[in-house]
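# Commentary on secondary and tertiary structure
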Amino acid sequence: MIKKLLIILFVLLMSVSCSLSNKKQADTTDDNYRVFYEIFVGSFSDSNNDGVGDLRGIIDRLDYLNDGNINSKDSLGIQGIWLTPIFLSPSYHKYDVIDYYRIDPSFGTQDDLDELIAECHKRNVLVILDLALNHTSVQNEWFRQFQIAHQNNDYNNKYYDYYVYSPENDRPSGMTFCSLDNTYEAYECNFSGEMPELNFDNQDVRNEVLNIAKYYLNKGIDGFRFDAARYIYLNNTDSSVNFWKWYTEELKKIKEDIYLVGEVWSSDSEISYYQAEMNCFNFAMSQTDGMIARSAKSEDINRFTSYIETYQSALKRISEKAMPISFISNHDMDRSAGYLNVSTGQAYIAASLYLLSPGSPFIYYGEEIGMKGSRGGANTDANRRLAMLWGDGDTVNDPEGSTYEYKNQINGTVKEQLQDKNSLFRHYAKLISIRKNYPAIARGTYTRIDLGQNNLGGFAVTYNDETLYIVHNNSAEEITVSTDAYSKLLEYCGFAEASYKNNELKVGPYTSVILK
Ligand code: CA
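In what follows, the accompanying structure is described. (Residues numbered from 1 in each chain as written. Predicted model: local features only at pLDDT ≥ 70, side-chain atom pairs only at ≥ 80, totals over all residues. Heavy atoms only, no water.)

Looking now at the side chain of Arg61. By the secondary structure assignment, Arg61 is in the loop between helix H2 (55-60) and helix H3 (62-65). What makes Arg61 buried here is its relative accessible area of 15%. Not counting the four nearest positions on each side in its chain, Arg61 is found in contact with Phe44, Ser45, Trp390, Asp392 and Asp394. (Helix = DSSP H or I, 4+ residues; strand = E, 2+ residues; numbered from the N terminus. Buried < 20%, exposed > 50% of the residue type's maximum accessible area, 1.4 Å probe, protein only. Contact = heavy atoms within 4.5 Å.)

We note that Asn235 has phi near 65 degrees; this positive angle belongs to a residue other than glycine. Tracing the backbone through its elements, the reader meets Asn235 in the loop between strand S9 (223-226) and helix H7 (237-254). Owing to a relative accessible area of 54%, Asn235 belongs among the exposed residues under this scheme. Its identity is not glycine, yet Asn464 carries a phi of approximately 50 degrees, on the positive side. Secondary-structure assignment places Asn464 in the loop between strand S14 (456-463) and strand S15 (466-473).

This part is about the coordination of the calcium ion. The calcium ion binds to the protein through Asp46 (OD), Asn48 (OD1), Asp50 (OD), Val52 (O) and Asp54 (OD); the donor distances cover 2.2 to 2.3 Å. Here the donor residues of the calcium ion share one chain and are spaced in sequence as D-x1-N-x1-D-x1-V-x1-D. (Donors = N, O, S within 2.8 Å, 3.2 Å for Na, K, Ca; no water.)

Moving on, we come to the packing of helix H11 (residues 346-355) against helix H13 (residues 424-437). Interaxial distance between H11 and H13 falls to 10 Å at its minimum, and their mutual angle equals 20 degrees. If you check the angle between H11 and H13, you find them roughly parallel. As H11 packs across H13, the resulting crossing turns out to be right-handed. Contacts between H11 and H13 involve Ala347, Tyr348, Ala351, Ser352, Tyr354 and Leu355 on the former and, on the latter, Leu424, His427, Tyr428, Leu431, Ile432 and Arg435. By residue class, the composition of the contact of H11 with H13 is nine nonpolar, two polar and one charged. (Axes fitted to C-alpha atoms, helices over the stretch in contact; angles between N-to-C directions. Parallel < 35°, antiparallel > 145°, perpendicular 65-115°, else oblique. Left-handed = near helix turned anticlockwise from the far one by under 90°. Nonpolar A, V, L, I, M, F, W, Y, C, P; charged D, E, K, R; others polar.)

By themselves, these observations are geometric and do not establish any function.
Spelled out as structure tokens, the structure:
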């Protein structure tokens, strides 16, 4: 009888706790410590059956990205989206812009952008645009005028100095130049002849690129990702940094809490020069030889935790507002599921390592489902930007030039992973919900803790005078340690389970715990 009563009591308690956790809870984040999601627009979701992803396709997929409920299990829960360039451009990737004030018609209209911004803001999701300002398309009217001015030796033409011009005997080394109209004269073209580089010594050019950002801020855009930031003055860090100092200060006058992130694809030391002006992607974390992947492949966890502690404290010395921007891959990199195995758990611990870390991490679309894609023998970036694997009849196609074979996509579609409570997608969604429930994870100060193990280690994270602990097991084996350092296990997530009882912390393979 007593046993029966206890069971009834237990069931009642469980139903109370379940109903509490099912209560719809909105994200109240009001700062920039957010999880972002990079959308390669042409490959994400197609709303009008022409095979090209578009802005309306993103609007249609917002419930997948963030349905407004922190604890939703069917929504990823990201708090910001980075749209790769959406302006009129001749290429599929659109990093060479013809007109910064026109949305590429294959992606939609200004009205679509307005609606996307409004729908995102309803869900507390920020929208940042990718500004490729260093170079334009050769089809940009500015470049056409530049060519005409040089053909006519028209020094008074406003556009004569719009691009970096060089006569025959005056070529700075370490930069690439392309011939202008088959003459000895040339223009700077580090990426390709199709992408002439603007001349930022010209104040008119500076005003042009400032006006572009102002225009989109007035439309409600929350910030920008700056493409090729170190190319503004290639091989002249001081001049490039000075440009960004001027540019970002002007933007902060308009919107103090603007979200800015720069692509300075270089060493930590070069990145640090830019970090006082804007946050920058932490490239050392990314790719197959980066900190996340090496740790996910069971390198001594203390190397990872030492790096995070050192990097965060280095940023704090530069600026109190500086934060790490971690990521595994982006549209210029082979996809991580090619070197981080999903079925063995490596991809799970990789996700935990960067989503349970400070700052504002970025997820490349499809990373959350273990999508694959690499340059391969065809050596094409298109393979890194394949159509999102919805599995529900979305008509979005792979970009032109891609050669990756569909049969290699072994980790399942969105539709399949939504039906599997242990899928990689579910793990990403859980990590993001944990990040929202414990503000310290994004905002706290990380100090490495040494558990005397090569594959079990983590951090004490201090925020607002409280401390919580994050511990990762980055191996394929369960690890148990005796410790009385903690009072309670708050959460665990990953590939297996974890417990903390009788001063014994037991963490399953590729699993992480949060303790207090
Ligand atoms: Ca379309």
